[in-house]
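What follows is the residue order along each chain.
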Amino acid sequence: MRTRTTSLPAFRLLLALVMLSLAAACTATTTTATLHAAQDGGEFAPGWNGTAVEGTRAMPAQTFTDARGRPFDLRAAMRERPTLVYFGYTSCPDICPVHLANIAAALDDSVVRPDQLNVVFVTVDPARDDRAVLADYLANFDASFVGLRATQDEVDRVVTALGLPEPVIEGTGERYTVGHPSQVLAFDRGGIARIAYPFGTRQSQWVEDLPKLLREDWS
């Protein structure tokens, strides 16, 4: 079992706060969640705990900036290992922390090592999620998670190119929320989205699927 960047009590406290926020804040306005090629509620792909992405949804060319301020070519990173990509934001009250906490916990229980898989969080709220905010946020989950940012227009272009709904600002003032896709997308080494994992994917389901992602047995 790997050592987490936060203590176990702190991590449990985080999960408790997440569950409380879910009870109060998990509404349709906090996520505009449908993948055109794989609707929520659709049948899982055979042997997987997610829905097959139909057609060819390729990660478009885009150089992001990581939490250390360095250029990050996501397509190049995908060529090295399978990649999970999630478009969210650090102020999200519900879906984002649940997804990240479940994946982090699954990695602790899995035979898959962090250096065998990219887990990438792309912010859809670059106005508030600067490098420091991204780094601090992801440190609550797993040190191996990669936080990326780009301009709002660039992020919107990438999201819509993947067949996902464009992020939408909901509300006014500093405490606005952002409607965003709720799926975690699994990409192969060719940069093609293969599986969409909906909100509600459990830790045990991630534990089952992580080794399959490494084998890339998409059939």
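No experiment lies behind these values; they were computed from the predicted model shown. (Residues numbered from 1 in each chain as written. Predicted model: local features only at pLDDT ≥ 70, side-chain atom pairs only at ≥ 80, totals over all residues. Heavy atoms only, no water.)

### A closer look at the pairing of strand 6 (residues 146-149)
- Where strand 2 (residues 63-66) and strand 6 come together, two bridges link them in antiparallel fashion. By the bridge assignment for strand 6, Thr65 is matched with Arg149.
- Pairing between strand 5 (residues 118-123) and strand 6: three bridges, direction parallel. Residue Val122 lies in a different strand from strand 6, and its bridge partner there is Leu148.
- The parallel pair strand 5 and strand 6 is bridged by helix 4 (residues 131-139), and the resulting crossover is right-handed. (Pairing = 2+ DSSP bridges. Helix = DSSP H or I, 4+ residues; strand = E, 2+ residues; numbered from the N terminus. Right-handed = clockwise from strand over helix to strand, strands pointing away.)

### Things to note about the environment of Cys92
- Inspection of the secondary structure puts Cys92 in the loop between strand 4 (83-88) and helix 3 (95-109).
- Residue Cys92 is classed as buried on the basis of its relative accessible area, which comes to 6%. (Buried < 20%, exposed > 50% of the residue type's maximum accessible area, 1.4 Å probe, protein only.)

### A look at the sheet that holds strand 10 (residues 193-197)
- What the eight strands build is an open sheet, ordered 1-10-9-4-5-6-2-3; its pairing is mixed. The sheet is open, and its two borders are formed by strand 1 (51-52) and strand 3 (71-73), each paired with just one other strand.
- Docked against the sheet, helix 3 engages strand 4, strand 5, strand 9 (184-187) and strand 10, running at close to 160° with respect to strand 4. (Contact = heavy atoms within 4.5 Å. Axes fitted to C-alpha atoms, helices over the stretch in contact; angles between N-to-C directions.)

### Topic: the side chain of His99
- Mapped onto the elements of the fold, His99 is located in helix 3.
- With a relative accessible area of 2%, His99 lands in the buried category.
- A polar contact of 2.7 Å, which involves the side chain of His99, links it to the backbone oxygen of Ser182.
- Sequence-distant contacts of His99, defined by excluding residues within four places in its chain, comprise Tyr86, Ser182, Val184, Tyr197, Pro198 and Phe199. (Polar contact = N/O pair within 3.5 Å; in protein donor to acceptor, adjacent residues only side chain to side chain.)

### Quick word on helix 6 (residues 203-215)
- Look at helix 6: 19 Å from first C-alpha to last across 13 residues, which is about the 18 Å you get at 1.5 Å a residue.
- Within helix 6, the axis deviates most sharply at Asp209, by approximately 30°, and proline Pro211 lies no more than four positions further along.
- Residues Gln205, Trp206, Asp209, Leu210 and Leu213 constitute the buried set of helix 6.
- Against strand 4, helix 3, strand 9 and strand 10 lie the buried residues of helix 6.
- One or two steps after helix 6, the chain reaches Glu216, where phi turns positive at roughly 55°. (Expected span 1.5 Å × (residues − 1). Bend = angle between axes of the 7 residues up to and from the residue.)

### A closer look at the confidence of the model for the chain
- Averaged over every residue, the pLDDT of the chain is 84; the share at 70 or more is 81%.
- Low pLDDT, under 50, characterises residues 3-9; the stretch is placed with ten contacts to residues that sit more than four places away or in other chains.
- Across residues 18-41, confidence stays below pLDDT 50; counting only partners more than four residues off in sequence or on other chains, it has 65 contacts. (pLDDT = per-residue confidence, 0-100.)

### Considerations on the pairing of strand 5
- Extensive coverage of strand 5 is indicated by the burial of six of its six residues.
- Burial along strand 5 is two-sided: the face carrying Asn118, Val120 and Val122 and the face carrying Val119, Phe121 and Thr123 are both buried.
- A crossover links strand 4 with its parallel partner strand 5, the connecting element being helix 3, and its sense is right-handed.

### Quick word on the environment of Val124
- Position of Val124 among the secondary structure elements: in the loop between strand 5 and helix 4.
- In the structure, Val124 is positioned 28 residues away from Gln152 in sequence and 7.0 Å away in space, judged by C-alpha atoms.
- Each residue touching Val124, except ones within four places of it in the same chain, is listed here: Phe87, Gly88, Tyr89, Gln152, Val155, Pro167, Val178 and His180.

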